[in-house]
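Notes for the structure review
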Amino acid sequence: QLTWLNLGFNQFSGTISTNLGRLTELKHLYLNDMPLDGTLPTEMGLLQSLEEFAIASTLISGTLPSELGNLLGVTGIFGISYNKITGTLPPELGKLQPSLLI
């Protein structure tokens, strides 16, 4: 079972697949510094084993799905900076307690 996925600092482009939510044992997910676009799929909220989550410096746009509030295991990095995210932060994100919010 995959527990660590680091695709950061590559030139992969396109949208994040909803199938990523099927990797329920994933603990570390790094998709930062890539030309990814589109919105974050709500299925990201299924990754409840995540301890670190980084999508900083991509072209992700739109609003953050409230389902990200299900990522209560994130105690390390929660990186969402330098994107095209709009709107307000979902109140569900207030439940998260990462050690580093970027």
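Residues numbered from 1 in each chain as written. Predicted model: local features only at pLDDT ≥ 70, side-chain atom pairs only at ≥ 80, totals over all residues. Heavy atoms only, no water.

What about unusual backbone geometry?
Where we set the bar: Per the convention used, a helix needs a DSSP run of H or I reaching at least four residues, while a strand needs a run of E reaching at least two, with both numbered from the N terminus. Relative accessible area decides the class of each residue, using a 1.4 Å probe on protein chains only: under 20% of the type maximum gives buried, over 50% gives exposed, and in between gives partly exposed.
Phi is positive for Phe9, close to 60 degrees, though the residue is something other than glycine. As for its placement among the helices and strands, Phe9 is situated in the loop between strand S1 (4–6) and strand S2 (28–30). Among the residues examined, Phe9 registers a relative accessible area of 62% and is labelled exposed. Phi is positive for Ser57, close to 60 degrees, though the residue is something other than glycine. Along the polypeptide, Ser57 turns up in the loop between strand S3 (52–54) and strand S4 (61–62).

Points about the packing of aromatic side chains
The test is simple: Between 30 and 60 degrees the pair is tilted, below 30 it is stacked and above 60 it is edge-to-face, where a pair is any two Phe, Tyr or Trp rings, Trp via its six-membered ring, whose centres lie within 6.5 Å.
Inspection of the entire model under this criterion finds 2 aromatic pairs. Residues Trp4 and Tyr30 carry aromatic rings whose centres are separated by 5.9 Å and whose planes lie at 40 degrees to one another, so their mutual orientation is tilted. With Trp4 in strand S1 and Tyr30 in strand S2, the pair connects residues that are 26 residues apart, well separated along the chain. Look at Trp4 and you get partly exposed, because its relative accessible area is 48%. On the accessibility criterion, Tyr30 (12% relative accessible area) is buried. When the centroid spacing of 5.5 Å and the interplanar angle of 35 degrees are considered together, the rings of Phe53 and Phe78 count as tilted. Of the two residues, Phe53 is situated in strand S3 and Phe78 in strand S5 (residues 77–79); the sequence distance between them amounts to 25 residues. According to the relative accessible area criterion, Phe53 is buried, its value standing at 0%. Given a relative accessible area of 3%, Phe78 falls into the buried group.

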